[in-house]
Amino acid sequence: MPGGTGVRYAFEGWTGDLTSSAPTTTITMDAPKTVNASWRTEYELVIITAHGSATGAGWYAAGDVATVSLDARQVLEGGTAWQFTSWSGDATGTATPVTLTMDGPKSLT
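Residues numbered from 1 in each chain as written. Predicted model: local features only at pLDDT ≥ 70, side-chain atom pairs only at ≥ 80, totals over all residues. Heavy atoms only, no water.

Caption draft 1: Spatial organisation of the nonpolar core. One finds Leu45, Val68, Trp87, Val98, Leu100, Met102 and Leu108 to be the most contacted residues of the largest nonpolar core, which totals 15 residues. Breaking this core down by element, the ones donating at least two residues are strand 2 (35–47), strand 5 (65–70) and strand 8 (98–101). (Core = buried A, V, L, I, M, F, W, Y, C linked by side-chain atoms within 4.5 Å. Buried < 20%, exposed > 50% of the residue type's maximum accessible area, 1.4 Å probe, protein only. Helix = DSSP H or I, 4+ residues; strand = E, 2+ residues; numbered from the N terminus.)

What follows is the structure in structure tokens.
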């Protein structure tokens, strides 16, 4: 996998003698031309929770700030109440929501 686990590259567009954000385009070759493909690095944020659900998982452009939050701090399942206590992994603490700068692949539990 190019870039390794949790890293991918997304096409942004063409620059040079042709500017376009379309991945497929046409250029008239009436003289020598230089065209460069521009790519951005994206990192994956994985969220693991055994109870309830969280939002914010997915792919983010390098440098973006991701916000992760829980749907509820307390979840009732089958007569048992589960209370959120803290995050572990690439962010720690008891705050929800929590923000992370996406400077690499991240995982929160």
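Caption draft 2: Summary view of the pattern of salt bridges. In total, this model carries five salt bridges according to the counting rule given. In this structure, Arg40 and Glu12 form a salt bridge, with 3.8 Å as the shortest nitrogen-oxygen distance. Of this pair, Arg40 sits in strand 2 while Glu12 sits in strand 1 (residues 7–16); the two residues are 28 residues apart in sequence, bridging distant segments of the chain. Accessibility expressed as a relative area gives 31% for Arg40, which makes it partly exposed. In this structure, Lys106 and Asp103 form a salt bridge, with 2.8 Å as the shortest nitrogen-oxygen distance. Asp103 gets classed as exposed once you look at its relative accessible area, which sits at 55%. Overlapping salt bridges bring together Arg8, Glu12, Arg40 and Glu42 as one network. (Salt bridge = Lys/Arg side-chain N within 4 Å of Asp/Glu carboxyl O.)

Caption draft 3: Representation of unusual backbone geometry within the structure. Omega for the bond connecting Thr96 with Pro97 falls within 30 degrees of zero, at 15 degrees, which places this linkage in the cis form. Tracing the backbone through its elements, the reader meets Pro97 in the loop between strand 7 (80–83) and strand 8.

Caption draft 4: Seen up close, the packing of aromatic side chains. Counted by the stated rule, this structure contains three aromatic pairs. On the basis of an interplanar angle of 75 degrees and a centroid distance of 5.5 Å, the ring pair of Phe11 and Trp39 is categorised as edge-to-face. With a gap of 28 residues between them, Phe11 in strand 1 and Trp39 in strand 2 connect regions that are remote in the sequence. Residue Phe11 is classed as partly exposed on the basis of its relative accessible area of 23%. Through a chain of ring-to-ring contacts, three or more aromatic side chains come together here, namely Phe11, Trp14 and Trp39. (Phe/Tyr/Trp six-rings, centres within 6.5 Å; stacked < 30°, edge-to-face > 60°.)

Caption draft 5: Looking closely at the sheet that holds strand 8. Spatially, three strands are ordered 3-5-8 in an open sheet, and the strand pairing comes out antiparallel. Whereas interior strands pair on both sides, the edge strands pair on one side only; in this sheet they are strand 3 (54–55) and strand 8. Pairing geometry for strand 5 and strand 8, over four bridges, is antiparallel. Bridge assignment links Val65 to a residue of strand 8, and that residue is Thr101. (Pairing = 2+ DSSP bridges.)

Any functional reading would require information beyond the geometric quantities listed.
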